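# Observations on the three-dimensional arrangement
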Amino acid sequence: MKIDSSNYPLILGRHLIERLILSFAKILAVSGGLILILMVIVNIISIIGRVTFGVPLVGDFELIEIACGVSIFMFLPICKLKNGNIIVDAFTVKLDQRKKVFLDIFSDLVFGIVALFFSYRMIFGLLDMMRYNEQTMLLEIPVWIPFGPAIFSLFFLSLICFWSSLNKFQDLFFVREI
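Residues numbered from 1 in each chain as written. Predicted model: local features only at pLDDT ≥ 70, side-chain atom pairs only at ≥ 80, totals over all residues. Heavy atoms only, no water.

This part takes up the environment of leucine 22. The topology assignment puts leucine 22 in helix H1 (residues 14–53). Setting aside residues no more than four positions away along its own chain, leucine 22 makes contact with Ile78, Leu81 and Lys82. (Helix = DSSP H or I, 4+ residues; strand = E, 2+ residues; numbered from the N terminus. Contact = heavy atoms within 4.5 Å.)

Attention now moves to the layout of surface pockets. Any empty space left between the atoms is revealed when a probe the size of a water molecule rolls over them. Here the largest pocket defines a volume of roughly 530 Å³. Along its surface, the largest pocket is lined by 18 residues, and Ile87, Lys100, Leu103, Asp104 and Ser107 are the ones closest to its centre. Here the lining of the largest pocket takes 8 residues from helix H3 (residues 97–131), the largest share from any one element. When its residues are assigned to classes, the lining of the largest pocket shows 7 nonpolar, 5 polar and 6 charged. Looking at the second largest pocket, it is lined by 14 residues, and the ones nearest its centre are Glu18, Leu81, Trp163, Ser164 and Asn167. Per element, the largest residue contribution to the lining of the second largest pocket is 6 residues, and it comes from helix H4 (residues 147–174). (1 Å grid on protein atoms, 1.4 Å probe; cavity = no way out; pocket = protein on both sides within 12 Å on 5 of 7 lines; lining within 4 Å. Points joined across faces, edges and corners; volume = space filled by probe spheres on them. Nonpolar A, V, L, I, M, F, W, Y, C, P; charged D, E, K, R; others polar.)

Another aspect to go through is the packing of H1 against H4. Each pair of packed helices gets described by two things: the angle between the helix axes and the distance between those axes. One can describe the packing of H1 onto H4 by two numbers: an axis separation of 12 Å at closest approach and a directional angle of 150 degrees. As summarised for this structure, H1 and H4 are arranged roughly antiparallel, according to the angle between their axes. Helix-helix and strand crossings are classified by hand; for H1 and H4 the assignment is left-handed. Between H1 and H4, the residues in contact are Arg14, Ile17, Glu18, Ile21, Phe24, Ala25 and Leu28 and Phe152, Ser153, Phe156, Ile160, Trp163, Asn167, Gln170 and Asp171, respectively. Here the residues of the contact of H1 with H4 are counted per class, giving 9 nonpolar, 3 polar and 3 charged. (Axes fitted to C-alpha atoms, helices over the stretch in contact; angles between N-to-C directions. Parallel < 35°, antiparallel > 145°, perpendicular 65-115°, else oblique. Left-handed = near helix turned anticlockwise from the far one by under 90°.)

Structure follows, in structure tokens:
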């Protein structure tokens, strides 16, 4: 792909914005990884407690359930930026590059709309969980707490999808050779 940087009328400071987006996505991914590492430690402590003292950590599965859910949401933005999502290209193998880019633009827009819709609807779930004061059974952790990072990650994912589609659109129509 040959890119002529003089033909970018749509996005000023494109590289700076891309670096900021990538840096923030990396921060989210590292945070998600640290959460998972902490949950492995919690699991190990619970297993050692169960084997040696006959007493596991109370509510360890609740902590692990919440942490895994939050960390999965935190990995979504970096996965999108690194094109880590599964793509079935059986029908597009014989298409030329411009048509593939057009399909990528369309799929990024649909993915962004879905992520934005999910983040919007999860706000109502968060408000319901807060209103009814729903808590986990053993540790009585408020269930609404993991909704915050999940909503934020989905919203950030939608921004990444829209940014990606805008970049691909610009490459498709303003770059001489794709």
